[in-house]
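# Understanding the architecture of this molecule
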Amino acid sequence: MFIVRIKARNKTDPWFSITVFCSITVVVFILFPLFEMLTQPSFRDLREAVQDLDVIRSILLSIYTSGLAAVILFIVGTPFADILARKEFSEKRFVESIVDIPIMIPHPVVGIAILGVVGKNHWIGLVMHYVGIQIMVTNTGIVVALTFCRSPVLCEHSKGLF
């Protein structure tokens, strides 16, 4: 309804029509899979999934690791976001560009990059192995990956709070 009223005012502008079409396409691209995910399974399928111990463990693992990553980012990222929001310094744009990099990297590539740093062929990985910290195939690895991938989101959204 809203789009139709706006479209009626700007019938002669072809750019406006393209913009409206692209906007609708993006919204449908986001909402359609979510709608299908919510409406496709039957109640019987959902009941079976909720009773499956592997599903319950997976859900609990997701809640635990994402919650721990959020706490870590809150503790470490909030003061950093405060600096980015309140202070002006010559390298600020460069630092903000570095912070935004993880949001552009596909998650499998992030995993490979993290493994490259914490693997036995890197000095950090050797130190972690010597101390007894294991990242590969552990909850710690999941938390590290989530923290890495979500850090730009925290820093960007926290800037509006300060």
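It should be emphasised that the depicted structure is a prediction, and the values quoted were computed from it without experimental measurement. (Residues numbered from 1 in each chain as written. Predicted model: local features only at pLDDT ≥ 70, side-chain atom pairs only at ≥ 80, totals over all residues. Heavy atoms only, no water.)

## Side note on the overall build of the protein
Looking only at helices and strands, one finds eight helices and zero strands in the protein. For the protein, the succession of helices and strands along the chain, N to C, is α-α-α-α-α-α-α-α. When the 162 residues of the protein are sorted by exposure, 18% land in the buried category. In the protein, 62% of the contacts between residues at least 6 apart in sequence involve partners at least 24 apart. If you sum the accessible surface of the protein, you get close to 12800 Å²; carbon and sulfur atoms cover 71% of it. (Helix = DSSP H or I, 4+ residues; strand = E, 2+ residues; numbered from the N terminus. Buried < 20%, exposed > 50% of the residue type's maximum accessible area, 1.4 Å probe, protein only. Contact = heavy atoms within 4.5 Å. Areas by Shrake-Rupley, 256 points an atom, 1.4 Å probe, with all protein chains shown as cover.)

## So, the pattern of salt bridges
Opposite charge on two side chains permits them to pair, given that their charged atoms come into close proximity. The tally for this structure, following the rule as stated, stands at four salt bridges. The shortest N-O distance in the salt bridge between Asp82 and Arg86 comes to 2.6 Å. Of the two residues, Asp82 and Arg86 both sit in helix H4 (residues 53-86), four residues apart, roughly one turn of that helix. We note a salt bridge from Lys92 to Glu88, for which the minimum N-O separation is 3.2 Å. A relative accessible area of 68% means that Glu88 is categorised as exposed. (Salt bridge = Lys/Arg side-chain N within 4 Å of Asp/Glu carboxyl O.)

## What about the nonpolar core?
Within the largest apolar cluster, six residues are counted, these being Val110, Ile114, Val118, Met128, Ile135 and Cys149. With three residues, helix H6 (residues 107-118) is the single largest residue contributor to this core. Each residue touching Met128, except ones within four places of it in the same chain, is listed here: Val118, Ile133 and Ile135. (Core = buried A, V, L, I, M, F, W, Y, C linked by side-chain atoms within 4.5 Å.)

## What to know about the packing of H4 against helix H5 (residues 92-104)
Contact geometry of H4 with H5 gives a least axis separation of 11 Å together with a crossing angle of 140°. The angle between the axes of H4 and H5 places the two elements in the oblique class. At the point where H4 passes H5, the crossing takes the left-handed sense. Judged by residue contacts, Phe80, Leu84 and Ala85 of H4 engage Lys92, Val95, Glu96 and Val99 from H5. For the contact of H4 with H5, the class distribution of residues is five nonpolar, no polar and two charged. (Axes fitted to C-alpha atoms, helices over the stretch in contact; angles between N-to-C directions. Parallel < 35°, antiparallel > 145°, perpendicular 65-115°, else oblique. Left-handed = near helix turned anticlockwise from the far one by under 90°. Nonpolar A, V, L, I, M, F, W, Y, C, P; charged D, E, K, R; others polar.)

## Section: unusual backbone geometry
Despite not being glycine, Val137 has its phi angle at roughly 55°, a positive value. Structurally, the position occupied by Val137 is in the loop between helix H7 (123-131) and helix H8 (139-158).

## Some details on the confidence of the model for the protein
Averaged over all residues, the pLDDT of the protein is 85; the fraction at 70 or higher stands at 88%. Averaged pLDDT values for the elements of the protein fall to 53 in helix H1 (residues 2-9) and rise to 92 in H4. (pLDDT = per-residue confidence, 0-100.)

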